[in-house]
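# Structural characterization, general
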Amino acid sequence: MIELPSRPDRRTLLVGLGAITAVWVVLGLVFPDSWAGVLLSIAANPSTHTTMLRLAVPIALAAIGGIFAEKSGVINIGIEGLLIVSAFSAIIVTFWLGSGESTLALSHHWWGFAVGVLVSTLFALLFAIVCIDFKADQIIAGLAVWLIALGLAPFVSRIVFDSPNTAGVGYFQNVTIPVLSEIPLLGYLLFDTPPQVYIMLAAAVAGWYLLNRTAFGRWVVASGENPKALDTAGVDVRRVRYTAVLLSGIFAGLGGAGFALGQLGTFAGGGETAIGGRGFIAIATYLFANYHPIGALLGSFLFAGLEAMQFQLQNLGYAVPTELIRTIPYVTVIVVLVFVGKTRLPEAAGEAYDGDED
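Below you will find a few notes about this structure. (Residues numbered from 1 in each chain as written. Predicted model: local features only at pLDDT ≥ 70, side-chain atom pairs only at ≥ 80, totals over all residues. Heavy atoms only, no water.)

Looking now at the environment of S163. In this fold, S163 is placed in the loop between α6 (138-161) and β1 (175-176). In this structure, the C-alpha to C-alpha distance between S163 and A268, residues 105 residues apart in sequence, is 9.2 Å. Sequence-distant contacts of S163, that is, excluding residues within four places in its chain, are made with S157 and R158. (Helix = DSSP H or I, 4+ residues; strand = E, 2+ residues; numbered from the N terminus. Contact = heavy atoms within 4.5 Å.)

Turning next to the pattern of salt bridges. This structure, assessed with the given rule, holds four salt bridges. For D133, the salt bridge is made with R238, and the minimal N-O distance between the two is 2.8 Å. Placement of D133 in helix α5 (residues 106-133) and of R238 in helix α11 (residues 237-264) is noted, with a sequence separation of 105 residues between them. For D133, a relative accessible area of 31% translates into the label partly exposed. R278 is paired through a salt bridge with E307; the nearest N and O atoms lie 2.7 Å apart. Residue R278 is found in helix α12 (residues 278-288), and its partner E307 is found in helix α13 (residues 293-315); the two are separated by 29 residues along the sequence. By relative accessible area, which is 4% here, R278 ends up buried. (Salt bridge = Lys/Arg side-chain N within 4 Å of Asp/Glu carboxyl O. Buried < 20%, exposed > 50% of the residue type's maximum accessible area, 1.4 Å probe, protein only.)

Within the secondary structure layout, S181 lies in the loop between β1 and α7 (186-190). Every residue in contact with S181, bar those within four places of it in the chain, is listed here: T176, G187, Y188, F191 and D192.

Let's shift gears to the side chain of T166. Within the fold, T166 resides in the loop between α6 and β1. Residues in contact with T166, not counting those within four places in the same chain, are F88, I91, S157, F161, T266 and F267.

What follows is the structure, given as structure tokens:
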């Protein structure tokens, strides 16, 4: 019998990527005028690093939220919609409070941020009611959330601004920690950065701890793998799933509002909106990370870093299509699923549960 070669694990894949990166670095140093050299200089540019952190915020936070929902058994592909409504709500509330000026009081931004998170959570609650209580198809309900957000944001914007795009409201200012901000590399990355980056890093650690070190985390996993056993143990599956979906709304709200007020300063409602598919990239990210919050954070750095490099290439006159860069997360997930095959959906994901049925 002919034995088929076994699939490599994630560690082997990472070793291979590391070897490719090492070759790239060597070629870039030896031939600085080559493509490898140009890309290496862009990758080493502090501007690329800071842009990467800001671009990672909506991807990482939405991915962490998606992990909780899906691990509980509810597939929330409406994360893109949650990012849209939170980003738009944060901008428009900040505009109303500050009369549209770019030199707003810091408190106005935080009120807008809070409302953005609240609106995202309310949309997640609506999604949870439809999927958990009314047992609607989760994929269709998630698409509905996305499509409603996709149409609602530019509609309201046209009423307020007579345009699908909002006015500018300014940005969160960097939080600079004296002395520590002077540390090479880590200083400007971790100690001289806007608040949404700190929120992202704290959320990743909190998400990991909640999922892996608490009773609630064990309930979430059991709800997605064997809800009947969890119900038999006396834990309310419905309540666990509601909480997990609401957490996905909170995390996505943090990501959307933080991205809007920390990176965009405005909201473009035309086409795919200013969110630009980052909610779907978040889904690809947590699948790539195999539902690990810290892995999702690192995966968001990879994908956001590629987008940041693309911006730098465009500034240098190299026409690299944005659409091409945004296919990379999906291609990466396909490669992982085909050649590694370790990402597995929870057993009960997408299935409604009725504790009264026997």
